[in-house]
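So the chains spell out like this:
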Amino acid sequence: MIQDLVIAIVFITYAISVLMGFGTILTWVERKQAAVMADRIGANRAYLRIPFTQVKLVWLGLFHGMADGLKMLLKEDFKPKTYDWYAYMVAPWVVFTPVLLVFAVVPFGGVLIPGELIPWLSGWFGDRAYPMQIANLDAGLLIVFAFGGISIIGAMLAGWSSANKFSLLGALRAGSQMISYELIMAMTLLGLILVYGTVDLDEMVRYQSGIVLGFLPAWGIVLQPFAATLFLTAAIAENKRIPFDLPEAESELIAGYFTEYSGMKMGLFMFAEFIEIAIIGALFTTLFLGGYNLPFMTDSGFSFPGGYELALPHAAVVLIQLATFLAKVFVICSFQILIRWSLPRFRWDQVLRFAWKFMFPLALANLIVTVFFVWALQ
Amino acid sequence: MTKNPHARKQYVRKQYWNEPTMGWYERAYLPEILRGLAITSRVFLRNMFKWMTGRKGALTTYYPEETRWDYAAGNRGKHILTRRPDGSPQCIACNMCATVCPAKVIEIDAGFNPADAAHPKFPTRFEIDYSRCIFCGLCVEACPEDAIRMVKEVPNLPSGDRRTMWIAREELLNWQPRDDVAKPYPPPPSPAPARSQP
């Protein structure tokens with residue numbers, strides 16, 4: 001149907017612009033938040049001059065991201081003498097693409113009824129309803145893990161094909177670290193799947209608009225607080241950011257597996273990392289923070305614990321859901337940046353010991369306790 | 001069993017007085033992590049609150065838009081040339097300051113003044129390149145005539161162009177001291193008898 005195609009294009013455009021926007025904004029947020037946390041001012045020199053005037057727009061240094069992008073595009077595209085030229089070229093894209101693809105199954109809003117939203121198109125759209133999600137798949141969470149796992153290959157390809165020992169060491173670290181923490185991520189989410197009874201992310205969000213214990217929203221972080229902590233930790237490790245940035249430890253490995261990359265190829269690695277921050281935020285929001293809904297909110301309006309109902313028009317619901325999702329994702333991104341600028345880096349043996357001797361048993365214990373509770377409640 | 005004379009002594013790790021010791025609470029890891037995050041987020045929120053209420057949250061000075069007022073008491077940021085009572089520069093263009101200058105920033109062109117028998121040489125051009133000056137004060141120490149000194153004020157240096165960072169003789173000379181301790185100029189010689197012109 002042509003209507004479905006239009007809606008799909010709108011959703012894909014929205015999703016990609018949200019991700020790219022987050023990737024760009026987060027470079028600024030990271031700089032500024034780090035500066036404010038350290039009693040500094042942060043980047044504030046890049047400006048746009050309005051043509052033919054002396055008016056310089058600084059906007060708190062927001063244009064530094066543009067300056068970065070321009071610099072990366074105009075820099076020399078360094079080519080190392082590598083024996084595997086094809087892998088070297090393709091590696092940044094292998095890292096970058098899956099990060100974008102993960103977002104395909106993340107719902108960023110409830111059900112959209114275009115005919116109700118835009119009255120003059122109601123004749124064309126009829127009463128079609130679309131969940132605000134690029135791909136409404138039953139296997140949502142599995143897709144997340146499938147695509148999340150691919151970016152490991154990109155990191156290892158980059159390290160292997162760079163013909164550089166620092167890169168190779170970084171790639172080895174990236175491989176072992178990401179595989180370990182991928183496992184822990186999956187283990188923590190198993191408990192969540194048991195509680196929700198589904199792997200469909202949209203279903204999970206719907207479950208979370210319910211109420212537990214009579215007054216708390218049935219958010220994942222309320223039902224599974226341990227899993228939430230472990231998942232966020234494992235996700236940061238998966239994203240190779242401080243305190244788990246061993247694969248690119250600057251003081252040891254120059255830049256780890258992308259030492260030999262320059263210009264926009266290096267920019268792709270960095271951009272993938274920043275977009276992955278937003279992806280982690282989106283996943284954490286969807287799985288543990290009630291997704292696109294405010295507490296006690298459903299697609300028809302609010303239903304508060306006291307039995308009090310508040311119906312909202314469709315347009316208001318859609319706007320609130322879109323805004324809520326973005327706000328929650330932004331808060332989680334900001335929290336990740338807070339962690340990144342607060343904690344020192346682990347030593348290499350500590351990273352793996354932390355994964356296998358500390359987090360893995362905790363995740364298993366969490367799973368077992370969850371299994372018993374779910375079994376007892378049935 | 002005979003003692004092996006070549007056996008090394010067992011290495012005993014030195015115990016320091018501030019050896020880190022961790023109790024179970026620190027080993028539990030998460031509480032201490034949370035404490036650290038609380039500290040950094042407290043600083044963040046405090047600075048953001050300051051910023052939103054119109055104060056500056058950072059310790060940084062926005063140089064060159066802002067300059068500090070609290071220069072150190074011993075700071076000497078600008079050169080001046082002293083003058084004789086009649087207003088001419090005390091400098092005799094001996095080039096000692098330019099020679100001793102480690103950054104080679106002083107440029108002097110000498111002129112000849114036959115009317116002043118005691119100091120026939122004087123600078124026609126005396127320029128200092130502040131983009132390279134390191135403010136070491138060696139020029140002041142080298143000067144035999146106490147002609148160049150450094151004062152507390154700072155020249156208005158920030159500029160986008162290094163060619164505008166030169167300070168020339170006219171600006172160096174307009175030092176207006178309240179109490180000049182320059183050495184007194186010897187009394188002017190009595191007018192010489194008019195020579196017969198050939």
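These numbers come from a predicted model, not from an experiment. (Residues numbered from 1 in each chain as written. Chains lettered and ligands numbered in written order. Predicted model: local features only at pLDDT ≥ 70, side-chain atom pairs only at ≥ 80, totals over all residues.)

## Some points on the overall build of chain A
Here is step 1 of the chain: Tallying secondary structure elements over chain A gives 14 helices and nine strands in all.
Here is step 2 of the chain: For 378 residues, the compact-globule estimate of 2.2 N^0.38 gives 21 Å, and chain A sits close to it at 22 Å.
Here is step 3 of the chain: Projected onto its principal axes, the C-alpha coordinates of chain A cover approximately 65 × 65 × 50 Å.
Here is step 4 of the chain: Across the 378 residues that make up chain A, the buried fraction comes to 42%.
Here is step 5 of the chain: In chain A, the proportion of contacts linking residues at least 24 apart, taken out of those at least 6 apart, comes to 76%. (Helix = DSSP H or I, 4+ residues; strand = E, 2+ residues; numbered from the N terminus. Rg over C-alpha atoms; globule rule 2.2 N^0.38 Å. Buried ≥ 20, exposed ≤ 12 C-beta atoms within 10 Å, placed from the backbone. Contact = placed C-beta atoms within 7 Å.)

## Quick notes on the overall build of chain B
Here is step 1 of the chain: Regarding its fold elements, chain B presents five helices and five strands.
Here is step 2 of the chain: Within chain B, buried positions represent 14% of all 198 residues.
Here is step 3 of the chain: A separation of at least 24 residues holds for 67% of the contacts in chain B among residues at least 6 apart in sequence.

## Remarks on the sheet that holds strand S8 (residues 301–303) of chain A
Backbone hydrogen bonds are what pair the strands of a sheet, in a parallel or an antiparallel way.
All names here are of chain A.
Here is step 1 of the chain: Strands sit in the order S7-S8-S9 across an open sheet of three strands; the sheet is antiparallel. One side of each edge strand has no neighbouring strand; the edge strands of this open sheet are strand S7 (297–298) and strand S9 (309–311).
Here is step 2 of the chain: Where S8 lies against S9, three bridges are found, and the strand directions are antiparallel. Considered in S9, the bridge of Gly301 is made with Ala311. (Pairing = 2+ DSSP bridges.)

## Focus on the domain arrangement of chain B
Here is step 1 of the chain: We note that the domain assignment places domain 1 (22–60) and domain 2 (78–173) within chain B.
Here is step 2 of the chain: Inter-centroid distance (C-alpha atoms) of domain 1 of chain B to domain 2 of chain B is 52 Å. (Domains from an automatic or database assignment.)

## Side note on unusual backbone geometry
Here is step 1 of the chain: Residue Ile242 of chain A is joined to Pro243 of chain A through a cis peptide bond whose omega torsion reads 5 degrees.
Here is step 2 of the chain: Following the sequence through the fold, Pro243 of chain A ends up in the loop between helix H10 (225–238) and helix H11 (250–253).
Here is step 3 of the chain: Phi angles above zero are rare outside glycine, and Asn95 of chain B is one such case at about 70 degrees.

## Observations concerning the interface of chain A and chain B
Many authors give the size of an interface as the accessible area that is lost as the parts come together.
Here is step 1 of the chain: Between chain A and chain B, the contact holds 11 residues from the first and 13 residues from the second.
Here is step 2 of the chain: The set of elements that each furnish at least two residues to the side of chain A that touches chain B consists of helix H1 (2–37) and helix H13 (314–340) of chain A.
Here is step 3 of the chain: Here the side of chain A that touches chain B gets three residues from one element, more than from any other, and that element is H1 of chain A.
Here is step 4 of the chain: Split into classes, the residues belonging to the side of chain A that touches chain B amount to seven nonpolar, two polar and two charged. (Nonpolar A, V, L, I, M, F, W, Y, C, P; charged D, E, K, R; others polar.)

## Observations concerning the nonpolar core
Here is step 1 of the chain: Of all hydrophobic cores here, the largest spans 86 residues; its most connected members are Ile184, Phe231, Ala234, Ile275, Ala278, Ile279 and Phe284 of chain A.
Here is step 2 of the chain: Beyond its immediate stretch of four places on either side in the chain, Phe284 of chain A contacts Phe231, Leu232, Leu289 and Ile332 of chain A.
Here is step 3 of the chain: Counting residues in each nonpolar core, the second largest holds 17 residues, with Ala93, Phe126, Ile148 and Leu172 of chain B among its members. (Core = buried A, V, L, I, M, F, W, Y, C linked by C-beta atoms within 7 Å.)

## Section: helix H2 (residues 30–52) of chain B
Side chains that are three or four residues apart share a direction in an α-helix, a result of its 3.6 residues per turn.
Here is step 1 of the chain: With 23 residues, H2 of chain B ought to run about 33 Å at 1.5 Å a step, and its terminal C-alpha atoms sit 32 Å apart, in line with that.
Here is step 2 of the chain: The positive-phi residue at the C-terminal boundary of H2 of chain B is Gly54 of chain B, with phi of around 85 degrees. (Expected span 1.5 Å × (residues − 1).)

## Some words on the sheet that holds strand S3 (residues 121–129) of chain B
All names here are of chain B.
Here is step 1 of the chain: Spatial ordering of the open sheet is given by S2-S3-S5, a layout of three strands whose pairing is antiparallel. On the outer flanks of this sheet lie strand S2 (106–112) and strand S5 (166–167), each paired with one strand and no other.
Here is step 2 of the chain: Relative to S5, S3 runs antiparallel, the two sharing two bridges. Each residue of the ladder has a partner; that of Asp129, found in S5, is Trp166.

## Some details on the pairing of S3 of chain B
Here is step 1 of the chain: In the sheet, S2 of chain B pairs with S3 of chain B via seven bridges, with the strands oriented antiparallel. For Ile106 of chain B, the partnering residue across the bridge sits in S3 of chain B and is Ile128 of chain B.

## Observations regarding the environment of Gly170 of chain A
Residues and elements named next belong to chain A.
Here is step 1 of the chain: When you line up the elements, Gly170 lands in helix H7 (residues 165–196).
Here is step 2 of the chain: The class for Gly170 is buried, based on 29 C-beta atoms found within 10 Å.
Here is step 3 of the chain: Among all residues touching Gly170, those that are not within four sequence positions of it are Gly159, Pro247, Glu248, Leu253, Gly256 and Tyr257.

## Some details on the environment of Ser300 of chain A
Residue and element names in this part refer to chain A.
Here is step 1 of the chain: On the secondary structure map, Ser300 appears in the loop between S7 and S8.
Here is step 2 of the chain: C-beta crowding within 10 Å serves as the criterion here: with 14 such atoms nearby, Ser300 is assigned to the partly exposed category.
Here is step 3 of the chain: Separated by 290 residues in sequence, Ser300 and Val10 have C-alpha atoms that sit 23 Å apart.

## Considering the packing of H7 of chain A against helix H14 (residues 348–377) of chain A
Residue and element names in this part refer to chain A.
Here is step 1 of the chain: Packing of H7 against H14 leaves a shortest axis separation of 9 Å and a crossing angle of 15 degrees. Considered as vectors, H7 and H14 are oriented roughly parallel to each other. The way H7 lies across H14 gives a crossing that is left-handed. (Axes fitted to C-alpha atoms, helices over the stretch in contact; angles between N-to-C directions. Parallel < 35°, antiparallel > 145°, perpendicular 65-115°, else oblique. Left-handed = near helix turned anticlockwise from the far one by under 90°.)

## With respect to the confidence of the model for chain B
Here is step 1 of the chain: Here chain B averages 82 in pLDDT, and 87% of its residues register 70 or above.
Here is step 2 of the chain: For this predicted complex, the interface confidence comes out at an ipTM of 0.81, alongside a pTM of 0.77. (pLDDT = per-residue confidence, 0-100.)

## Looking at the packing of helix H3 (residues 85–102) of chain A against helix H6 (residues 140–161) of chain A
Residues and elements named next belong to chain A.
Here is step 1 of the chain: Where H3 meets H6, the closest approach of the two axes is 8 Å, and the angle between their N-to-C directions is 160 degrees. When the axis of H3 is compared with that of H6, the two are roughly antiparallel. Considering only the axes of H3 and H6, their crossing is left-handed. Side by side, H3 and H6 meet where Ala87, Tyr88, Val90, Ala91, Val94, Val95, Pro98, Val99, Leu101 and Val102 of the first sit next to Val144, Phe147, Gly148, Ile150, Ser151, Ile153, Gly154, Ala155, Leu157, Ala158, Trp160 and Ser161 of the second.
Here is step 2 of the chain: For the contact of H3 with H6, the class distribution of residues is 18 nonpolar, four polar and no charged.

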